[in-house]
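Below are the chains, spelled out letter by letter.
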Amino acid sequence: MNEIAVLLKEYRAGNVPAKVERLAFVGAGDKDVYNITAPFVVDGKEVIAGRIESRDSEMAEIGFFEKQDLAWIRLANMPKLALQDPFMTRIDGDLIIGGVEVFPSEADPEKLAWRTCLYRGKGIADLTLFFEGPVGMKDLRLKQLPSGEIVVLTRPQGEKGGCGKIGFCRIQKVEDLTVVLIEGAPLLPPHFAEDEWGGANEMHLLKNGKLGVLSHIANFDAAGDRHYYAAICMIDPKTGAIEAPMEIIAERADFLAGPTKRPDLKDVVFSGGLIRNVSGTADLYVGISDADAQKRTIRDPFVKFEG
């Protein structure tokens, strides 16, 4: 089954034009800023975290940018986090920043390995590393519930997850997070076809007590080019059951033309974060073609789940 083909057809049938803008970043030199978070407020500043990287490299660092007029200006004297694809959440009042660390593989130093790393602090300046996820796993995400419990979404690959599927577990406190727990987290009910993959990018607590999950879904075409789409689903935070199946909410053609890191990455939208507006719209922040960052204002995709 080619799930993406079906989801894409459904999405295009209902898609409507929407406002799109490219985000301007200052302070990254001649490097690209992409795969951004949605804006968040810390230390009284509206900030975006973004992946900073040379066009011909995979070695990235996370930069923090403050909104000033029409541009996002890089904050000086912040921790150097050598990570890709930043994400943020808050747990027990602390700021949690995560990203993907890339390093030479132990089995073959000529190849790269990766894992998700998590940092915490009261603000950006005092972020310290507190957890390193399993080697080979990206897209580890945490969300604290009103009860204080924490939902953990995982993304194993290989024998358990194939090309990459989403796993689910809950912990009582952040100190309960372990590699063994993450590796053992059961997968959500079937949600990606065998030759397709994806992962969670951000969780939103909905008015009905469920979790709206902003995610991405992807596949290769016959030529080996990648195709990534922004998607959502809704899960029950108690059981991990998918209560509203995956649907696409944006594709590359919805955004402005721009650069691409490589030809095979031209059709890539990587979900960064979503800001839900009281007007019933939502601002979707994304990375584009591994070289660009844009925002598209869409109908809030989670409203329909809240009744």
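Source: prediction; values computed, not measured.

J.: Any details on the side chain of Asp236? Residues and values, ideally.
T.: The residue Asp236 is located in the loop between strand S17 (226–235) and strand S18 (242–250) in this model. Not counting residues within four places of it along the chain, the set of residues in contact with Asp236 comprises Phe168, Lys210, Ala241 and Glu243.

J.: Please give an account of the sheet that holds strand S11 (residues 128–132) that cites residues and values.
T.: In any sheet, the strands associate via hydrogen bonds between backbone groups, in a parallel or an antiparallel arrangement. With antiparallel pairing, the 4 strands of this open sheet are ordered in space as S8-S9-S10-S11. Among the strands making up the open sheet, the edge pair consists of strand S8 (84–91) and S11. In this sheet, neighbouring strand axes are inclined to one another by 30° on average, regardless of whether the strands run parallel or antiparallel. Bridge count for strand S9 (residues 94–104) against strand S10 (residues 112–121) is 10 bridges, and the pairing is antiparallel. Each bridged residue has a counterpart across the sheet, and for Gly98 the counterpart in S10 is Leu118.

J.: An account of the nonpolar core is needed here, citing residue identities and associated values.
T.: Ranked by size, the top nonpolar core spans 22 residues in total, and within it Val151, Leu153, Val213, Ile217, Ile235 and Ile248 carry the most contacts. Elements with a minimum of two residues in this core: helix H1 (3–14), strand S13 (150–154), strand S15 (196–205), strand S16 (211–220), S17 and S18. When residues no more than four places from it in sequence are discounted, the contact partners of Ile235 are Leu153, Phe168, Leu188, Lys210, Leu211, Val213, Ala241, Ile242 and Glu243. Ala230, Phe255, Val269 and Phe305 belong to the second largest nonpolar core, which has 18 residues in total.

J.: So what's going on with unusual backbone geometry? Residues and values would help.
T.: Despite not being glycine, Asp85 has its phi angle at roughly 50°, a positive value. Note that Asp85 resides in strand S8. For Asp85, a relative accessible area of 9% gives the class buried. Phi at Asp92 is positive, roughly 50°, even though this residue is not glycine. Assignment of secondary structure puts Asp92 in the loop between S8 and S9. We classify Asp92 as exposed; its relative accessible area is 51%.

J.: Describe the sheet that holds S13, and please don't skip the residues or the numbers.
T.: The strand order across the open sheet built from 3 strands is S12-S13-S14, with neighbouring strands paired in antiparallel fashion. The open sheet has two edge strands, strand S12 (141–144) and strand S14 (167–171), and neither has a second partner. Taken pair by pair, the neighbouring strands of this sheet meet at an average axis angle of 20°, ignoring direction. Across 5 bridges, the pairing between S13 and S14 is antiparallel. The residue bridging Val152 from the neighbouring strand is Cys169, located in S14.

J.: Could you give an account of the pattern of salt bridges, with specific residues and numbers?
T.: Between side chains of opposite charge, a pair can form as their charged atoms come close. Here the structure, examined in full by the defined rule, presents 27 salt bridges. The salt bridge partner of Arg120 is Glu175, with a shortest N-O separation of 3.5 Å. In this pair, Arg120 sits in strand S10 while Glu175 sits in the loop between S14 and helix H2 (179–184), placing the two residues 55 residues apart along the sequence. On the accessibility criterion, Arg120 (18% relative accessible area) is buried. Among the residues examined, Glu175 registers a relative accessible area of 54% and is labelled exposed.

J.: Explain the side chain of His204 residue by residue, including any values.
T.: As for its position among the elements, His204 is in strand S15. Discounting chain neighbours no more than four positions away, the residues touching His204 are Lys210, Leu211, Gly212, Leu274, Arg276 and Phe302.

J.: Got a sec to walk through the packing of aromatic side chains? Specific residues and values, please.
T.: According to the stated counting rule, one finds 4 aromatic pairs in the structure shown. Here the aromatic rings of Trp197 and Phe220 are separated by 4.9 Å at their centres, their planes lie at 50°, and the arrangement is tilted. Linking Trp197 in strand S15 with Phe220 in strand S16, this pair joins segments that are 23 residues apart in sequence. Given a relative accessible area of 7%, Trp197 falls into the buried group. For Phe220, a relative accessible area of 44% gives the class partly exposed. For the ring pair Phe302 and Phe305, a centre distance of 6.4 Å and an interplane angle of 45° mean the geometry is tilted.

Rules used throughout
- Residues numbered from 1 in each chain as written.
- Predicted model: local features only at pLDDT ≥ 70, side-chain atom pairs only at ≥ 80, totals over all residues.
- Heavy atoms only, no water.
- Helix = DSSP H or I, 4+ residues; strand = E, 2+ residues; numbered from the N terminus.
- Contact = heavy atoms within 4.5 Å.
- Pairing = 2+ DSSP bridges.
- Axes fitted to C-alpha atoms, helices over the stretch in contact; angles between N-to-C directions.
- Core = buried A, V, L, I, M, F, W, Y, C linked by side-chain atoms within 4.5 Å.
- Buried < 20%, exposed > 50% of the residue type's maximum accessible area, 1.4 Å probe, protein only.
- Salt bridge = Lys/Arg side-chain N within 4 Å of Asp/Glu carboxyl O.
- Phe/Tyr/Trp six-rings, centres within 6.5 Å; stacked < 30°, edge-to-face > 60°.

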